[in-house]
Amino acid sequence: MAPPAPIAGLPVHPLLLLPTRYTVLGAIPASRLLSTLLPLLLQMVDSPWLVDHNGGFKAAKARTAPPKDAPDKAGNKQALEALTARLDTLQHILYAHDHRALLLVFQAMDAAGKDGTIKHVMSGVNPAGVSVTSFKQPGPVELAHDFLWRIHMALPPSGRIGIFNRSHYEDVLVTRVHPEMLAEQGLPHGPTLDGRPASDKFWTRRLRDIAHFERYLTHQNIHVIKFFLNVSKEEQRQRLLARVPVDDQFGVHRIVKRADGVALSPAIVNTNLAVGE
């Protein structure tokens, strides 16, 4: 039997779902099951959207629209149906194997469609095996701990899928735009109460801590796949304006400034959301 064709845009780690003991198919020896599923699980992904893990990815230079030869809406709907059926099968194997977990991290510009993507792509999995956590700006409880504390608390256990709607990257995005949130912590090289901004060294250390943290998760059998949904400023502007009531002129003015990058640009500089090792 020929290996199934890769599904474009779905990064699959070759060691993600290898069953070793029991499966939902019954007490089938792992060797027999592997001979059937290995071609599926070890296939390489051929996708123009896969980011090389070399530190060179910049959101400002990334494509914001699909190529001209990309499938239309009907083609994407058909591909989504096949994808959700496949995800259902792989989720059962992940749960039965019970040695690994999957963490999907979604970051995006405002109005890029994180909620809709999560809702539609994950519609084929059993919700009992999935947890979705949304991270916003850290509150008093989070600020009383290290910045990765709340991330640790939301990690999926073995056999489960965790989805982060925004993530630990908020601590180098929101807090960079609003450094006053961190001023009371008195962190080395961080922002201070007298208005001194955090140094470049502070943000470089945080980004390095995030990279080390994600590598640590991989070593603990938590496979991390990160998605950055990118839209153009003009598309973002149109989507944001569509949310504002017609008679809310102040809201229109505020969103136009927001889409111009007044708040977004400083947050994205030097933030690498590449797919991890």
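Anyway, here's the lowdown on the structure attached to this text. Computed from a predicted structure; not experimentally measured.

Helix and strand content of the protein: 10 helices and four strands. N-terminal to C-terminal, the α/β element order of the protein is α-α-β-α-β-α-α-β-α-α-β-α-α-α. Relative to its 277 residues, the protein shows a buried fraction of 37%. Partitioning the contacts of the protein with sequence separation of at least 6, the portion at a separation of at least 24 is 75%. When the accessible area of the protein is evaluated, it comes to approximately 16,000 Å², of which 57% is carbon and sulfur surface.

A word on the environment of Leu217. Of note, Leu217 is situated in helix α7 (residues 200-219). Taking the C-alpha atoms as reference, Leu217 lies 9.8 Å from His152; in sequence the two are 65 residues apart.

Turning our eyes to something else, we now look at the packing of aromatic side chains. Applying the stated criterion across every chain yields a total of three aromatic pairs. Ring plane angle 15 degrees and centroid distance 5.0 Å describe the contact between Phe106 and Phe227, whose orientation is recorded as stacked. Highlighted residues: Phe106 in strand β1 (residues 101-108) and Phe227 in strand β4 (residues 222-229), separated in sequence by 121 residues. Between Phe202 and Trp203, the aromatic rings sit 4.9 Å apart at their centres with planes inclined by 80 degrees, giving edge-to-face as the arrangement. Take Phe202 and Trp203: they sit in the same class, and that class is buried. When the ring centre of Phe147 is taken as reference, the NZ or CZ atom of Arg206 above it lies at 4.3 Å.

Our next topic: α7. An α-helix turns once per 3.6 residues; consequently, residues spaced three or four apart project the same way. Spanning 20 residues, α7 covers 29 Å between terminal C-alpha atoms, matching the ideal 28 Å at 1.5 Å per step. Of the residues making up α7, those classed as buried are Phe202, Trp203, Arg206, Ile210, Phe213, Glu214 and Leu217. For α7, the angular spread of the buried residues around the axis is 115 degrees, confining them to a single face. Exposed and oriented more than 90 degrees from the buried face of α7 are Asp200 and His219. In the core, the buried residues of α7 are packed alongside β1, α5 (149-153), α6 (174-177) and β4.

Moving on to the sheet that holds strand β2 (residues 130-134). In space, the four strands of this open sheet follow the order β2-β3-β1-β4, with parallel pairing throughout. For this open sheet the edge positions go to β2 and β4, each flanked by a neighbour on one side alone. Along the sheet, successive strands turn relative to each other by an average axial angle of 15 degrees, direction set aside. The sheet contact formed by β1 and strand β3 (residues 161-165) spans five bridges and is parallel. Looking at the pairing, Leu102 lines up with Ile161 of β3. This element, helix α3 (residues 114-121), spans β1, β3 and β4 of the sheet and lies at about 150 degrees to β1.

Cut-offs and rules
- Residues numbered from 1 in each chain as written.
- Predicted model: local features only at pLDDT ≥ 70, side-chain atom pairs only at ≥ 80, totals over all residues.
- Heavy atoms only, no water.
- Helix = DSSP H or I, 4+ residues; strand = E, 2+ residues; numbered from the N terminus.
- Buried < 20%, exposed > 50% of the residue type's maximum accessible area, 1.4 Å probe, protein only.
- Contact = heavy atoms within 4.5 Å.
- Areas by Shrake-Rupley, 256 points an atom, 1.4 Å probe, with all protein chains shown as cover.
- Phe/Tyr/Trp six-rings, centres within 6.5 Å; stacked < 30°, edge-to-face > 60°.
- Lys NZ or Arg CZ within 6 Å of the ring centre and 35° of its normal.
- Expected span 1.5 Å × (residues − 1).
- Arc of directions from axis to C-beta.
- Pairing = 2+ DSSP bridges.
- Axes fitted to C-alpha atoms, helices over the stretch in contact; angles between N-to-C directions.

Keep in mind these values describe shape, not function.
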